[in-house]
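If you want the building blocks of each chain, they are given just below.
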Amino acid sequence: MHSKSVHLGSGSDGTEDSDSSAEREQTNSSESDGNMPKRTRLTRASLRLSQSSQDTPDVKRVGDHDESPPLTPTGNAPSSESELDISSPNASHDESVAKDPALRDSDKDLSHRPKRRRCHETYNFNMKCPTPGCNSLGHLTGKHERHFAVSGCPLYHNLSADDCKVKATTREKHEEESKVQEESNRHATRHQMPTSKQTRYKEQVTEMRKGRNSGLPKEQKEKYMEHRQSHGNTREPLLENITSEYDLELFRKAQARASEDLKTPQEKLRIQGQITEGSNMIKTILFGRYELDTWYHSPYPEEYARLGRLYVCEFCLKYMKSQTILRRHMAKCVWKHPPGDEVYRKGAISVFEVDGKKNKIYCQNLCLLAKLFLDHKTLYYDVEPFLFYVMTEADNTGCHLVGYFSKEKNSFLNYNVSCILTMPQYMRQGFGKMLIDFSYLLSKVEEKVGSPERPLSDLGLISYRSYWKEVLLRYMYNFQGKEISIKEISQETAVNPVDIVSTLQSLQMLKYWKGKHLVLKRQDLIDEWKAKETKRGSNNKTIDPSSLKWTPPKGT
């Protein structure tokens, strides 16, 4: 029985939580003092329970709905005090302190901190399609069996699930025919005359569009008005006979593509069947003074994942089951910054180099936390071959996690980033670009050319493209010569030539002329970038190379 209780009270690193050892010490001391303190404590708990049942009967009802109340480290059911704390995690901080005088001293240091803020909208895991009368079956694209948003609802678009499947099959046939036509015309000259098939298709489209401006019959107008009055904004207006069949089909095709692109990450997982109602997925985490909604599934132990809400120490990243355990842990946790060496500091921003081999538990917890917000991450426990560079923002309470990136100690493909993440509460503030800039700064010190490991997440790809664009435009602005070499740009910026070429192509600054690739210096883009830089001024978050105190680690 004792081994089972240790397992239930264990933290993420396989060791016992700090609060479990404290409770055992308290139990031993009370037994050594005699039976009087034990009776006093029981009396206190019973009085407290009776008062709470008289004053707030709703709290007891919430506790009754708990499926499996957590056990204490001794293997018994929790006392009434801890039971109330766990069953009502949203109770006010002052009320919880008033209940337990022992916690009053531990909370003095945290009293000046701001109130907890909530990031992102709550995701409803029992959601259904909001369209009245819809059973969430079918999808506008015709590719899925279920939908959970109006954008993919066949009923909202006045269609059935079978109609959507038929239209999807027709669209696929047209796309295949278009691909065959493109393959046959790939080697044709640019000014070739239209084929007879293309001419006939153009005539058909012109014929279909002839009657699109003709007025609607009176009966059809009444039908449209009746549909509008009966359904209001819960249905799309009837679109038949308003325009040509060709244009209506183009519109339906655009709607289907938009509904595919507008799906949230959680909705994609639900449609693919990876998330079902009641599945073990953590929905929210309490992290410092923030309450964060998660985006993806992370392989936390099942006993933690089934709770739906996780409590994480923002300094040592240990995960716990309840707010009571977190509060006791924070009172005893001696960590105020990540482990490892501080290799960069400027103002309140610091970067710590953490070795996955020396600080294995911290790095594993960091990977599990990152997976809650990353889709393509597959590494969780094998952290020894990696170095983790953790960026923090310091205040009078400690160094708070902003984001991190990891890199292999020995990368044969010269990847300077394996995984990169900015915490949701620090997104859209320039910290992601700082992390990318710092990774390339390390590559410059190592005298190497670096590139991020693929595949990149959606947000990561946007951040890297923005960073590469800024680096190239800054180089063009400061360049005074006549001929620009991609190799020279790569050596000076430490950016891989492949990434430079793809960025130049996206900016339309790379042209092929007379058998040579030419780099065009577009002054309009450079002036636009310079104006943004001037507008940002001194508030722009950048990495200062002079603040780096780091030497490349030797191969381990």
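All values reported here derive from a predicted model rather than from experimental measurement.

## Describing the overall build of the chain
Step number 1: Helix and strand counts for the chain stand at 20 helices and 14 strands.
Step number 2: Counting only residues that meet the buried cut, the chain has 40% of its 556 residues in that class.

## Thoughts on helix α15 (residues 360–371)
Step number 1: An ideal rise of 1.5 Å per residue puts 16 Å on 12 residues; α15 measures up with 17 Å between its terminal C-alpha atoms.
Step number 2: Counting buried residues along α15, 10 of its 12 residues qualify, which places the element largely inside the surrounding structure.
Step number 3: Restricting attention to buried positions, one finds in α15 the residues Y362, C363, Q364, N365, L366, C367, L368, L369, A370 and K371.
Step number 4: Buried residues along α15 sit against β2 (284–287), β5 (319–320), β7 (349–355), β8 (386–395), β9 (398–408) and β11 (419–422).

## Concerning the nonpolar core
Step number 1: If you look at the biggest cluster of nonpolar residues, it comprises 80 residues, and the most contacted ones within it are L369 and F438.
Step number 2: Dropping the residues within four chain positions of it, L369 is found in contact with I285, F287, Y300, L317, L401 and M423.
Step number 3: F315, M320, L326 and M330 belong to the second largest nonpolar core, which has 10 residues in total.

## Here's the deal with the UniProt feature "active site" (unreviewed entry) in the chain
Step number 1: The sites that UniProt annotates as "active site" (unreviewed entry) are E453.
Step number 2: Within the secondary structure, E453 is located in the loop between β12 (451–452) and α17 (458–478).
Step number 3: In this structure E453 comes out as partly exposed when scored by relative accessible area, which is 28%.
Step number 4: The contact partners of E453, leaving out residues within four places of it in the chain, are E408, Y415, V417 and S418.

## A closer look at the pattern of salt bridges
Step number 1: In total, this model carries 15 salt bridges according to the counting rule given.
Step number 2: The residue D544 makes a salt bridge to K346 at a minimum N-O spacing of 3.6 Å. A residue pair is termed long-range when its members are at least 10 positions apart, and D544 in the segment after α20 (523–536) and K346 in strand β6 (residues 341–346) qualify at 198 residues.
Step number 3: Looking at K346, the relative accessible area reads 41%, which means it is partly exposed.

## Quick word on the sheet that holds β11
Step number 1: With antiparallel pairing, the 5 strands of this open sheet are ordered in space as β6-β7-β8-β9-β11. Because the sheet does not close on itself, it has two edges, and the strands there are β6 and β11. Here the average twist between neighbouring strands, direction ignored, is 20°.
Step number 2: Here β8 pairs with β9 via 10 bridges, running antiparallel. Note on β9: the bridge partner recorded for Y389 is F405.
Step number 3: This element, α15, spans β7, β8, β9 and β11 of the sheet and lies at about 75° to β8.
Step number 4: Along the sheet, helix α16 (residues 431–445) contacts β6, β7, β8, β9 and β11; its crossing angle with β9, the most-contacted strand, is approximately 50°.

## Observations regarding a nonpolar patch on the surface
Step number 1: A cluster of nonpolar side chains, namely W513, L518 and L520, defines an oily patch on the protein surface of about 280 Å² accessible area.
Step number 2: Following the sequence through the fold, L520 ends up in the loop between β14 (516–519) and α20.

## Thoughts on the packing of aromatic side chains
Step number 1: Evaluation of the coordinates by the stated rule reveals 14 aromatic pairs.
Step number 2: Ring geometry for Y304 versus Y319: centroids 5.0 Å apart, planes at 90°, classification edge-to-face. With Y304 in helix α13 (residues 302–305) and Y319 in strand β5, this pair connects stretches of sequence that are 15 residues apart.
Step number 3: In this structure Y304 comes out as buried when scored by relative accessible area, which is 2%.
Step number 4: Between Y389 and F438, the aromatic rings sit 6.2 Å apart at their centres with planes inclined by 55°, giving tilted as the arrangement. You can see Y389 sitting in strand β8 and its partner F438 sitting in helix α16, a full 49 residues away along the chain.

## Digging into the environment of L504
Step number 1: In this fold, L504 is placed in helix α19 (residues 497–506).
Step number 2: The buried category is assigned to L504, whose relative accessible area is 0%.
Step number 3: For the pair L504 and L473, spaced 31 residues apart in sequence, the C-alpha separation works out to 9.8 Å.
Step number 4: With residues up to four places along the chain from it excluded, the contact list for L504 reads L472, M476, I486, M509, L510 and V519.

## Describing the state of the cysteines
Step number 1: Under the counting rule described, the total for this entry stands at 0 disulfides.
Step number 2: With no disulfide of its own, C363 lies closest to C367 among cysteine sulfurs, the gap being 6.9 Å.
Step number 3: No disulfide involves C419; its sulfur sits 6.8 Å from that of C367, the nearest cysteine.
Step number 4: We classify C419 as buried; its relative accessible area is 10%.

## Things to note about the packing of α17 against helix α18 (residues 486–493)
Step number 1: Interhelical geometry of α17 versus α18 gives an angle of 110° and a closest axis separation of 11 Å. One finds that α17 runs roughly perpendicular with respect to α18. Here α17 runs over α18; the crossing is right-handed. Where α17 abuts α18, its residues V471, L472 and Y475 lie against E488, I489, E492 and T493.

## So, a negative patch on the surface
Step number 1: Judged by side-chain charge, E172, E175, E176 and E177 come together as a negatively charged surface patch.
Step number 2: Assignment of secondary structure puts E172 in helix α8 (residues 161–184).
Step number 3: Owing to a relative accessible area of 41%, E172 belongs among the partly exposed residues under this scheme.

## Quick word on the confidence of the model for the chain
Step number 1: Taken as a whole, the chain shows an average pLDDT of 74; of its residues, 70% reach a score of 70 or greater.
Step number 2: Contacts of residues 1–114 to residues separated by more than four positions or lying in other chains number 90 contacts, the stretch itself having pLDDT below 50.
Step number 3: Confidence drops under pLDDT 50 across residues 119–126; counting only partners more than four residues distant or on other chains, this segment forms 23 contacts.

## Brief notes about helix α10 (residues 218–231)
Step number 1: Across its 14 residues, α10 extends 20 Å between first and last C-alpha, which sits within 8% of the 20 Å expected from 1.5 Å per residue.
Step number 2: Buried within α10 are the following residues: Q220, Y224 and H227. Down the axis, α10 shows its buried residues gathered within 60° of arc, on one side only. Facing away from the buried side of α10, by more than 90 degrees, are the exposed residues K218, E219, E226, Q229 and S230.
Step number 3: Two residues or fewer past α10, G232 is found with a positive phi of approximately 65°.

What counts, and where the lines are drawn
- Residues numbered from 1 in each chain as written.
- Predicted model: local features only at pLDDT ≥ 70, side-chain atom pairs only at ≥ 80, totals over all residues.
- Heavy atoms only, no water.
- Helix = DSSP H or I, 4+ residues; strand = E, 2+ residues; numbered from the N terminus.
- Buried < 20%, exposed > 50% of the residue type's maximum accessible area, 1.4 Å probe, protein only.
- Expected span 1.5 Å × (residues − 1).
- Contact = heavy atoms within 4.5 Å.
- Core = buried A, V, L, I, M, F, W, Y, C linked by side-chain atoms within 4.5 Å.
- UniProt positions renumbered as here; feature names shortened; annotations may be inferred.
- Salt bridge = Lys/Arg side-chain N within 4 Å of Asp/Glu carboxyl O.
- Pairing = 2+ DSSP bridges.
- Axes fitted to C-alpha atoms, helices over the stretch in contact; angles between N-to-C directions.
- Patch = residues over 30% accessible without salt bridge, like charges linked within 9 Å, V, L, I, M, F, W, Y side chains within 5 Å.
- Areas by Shrake-Rupley, 256 points an atom, 1.4 Å probe, with all protein chains shown as cover.
- Phe/Tyr/Trp six-rings, centres within 6.5 Å; stacked < 30°, edge-to-face > 60°.
- Disulfide = S-S within 2.5 Å.
- Parallel < 35°, antiparallel > 145°, perpendicular 65-115°, else oblique.
- Left-handed = near helix turned anticlockwise from the far one by under 90°.
- Lys, Arg positive; Asp, Glu negative; His and termini not counted.
- Charge placed at Lys NZ, Arg CZ, Asp CG, Glu CD.
- pLDDT = per-residue confidence, 0-100.
- Arc of directions from axis to C-beta.

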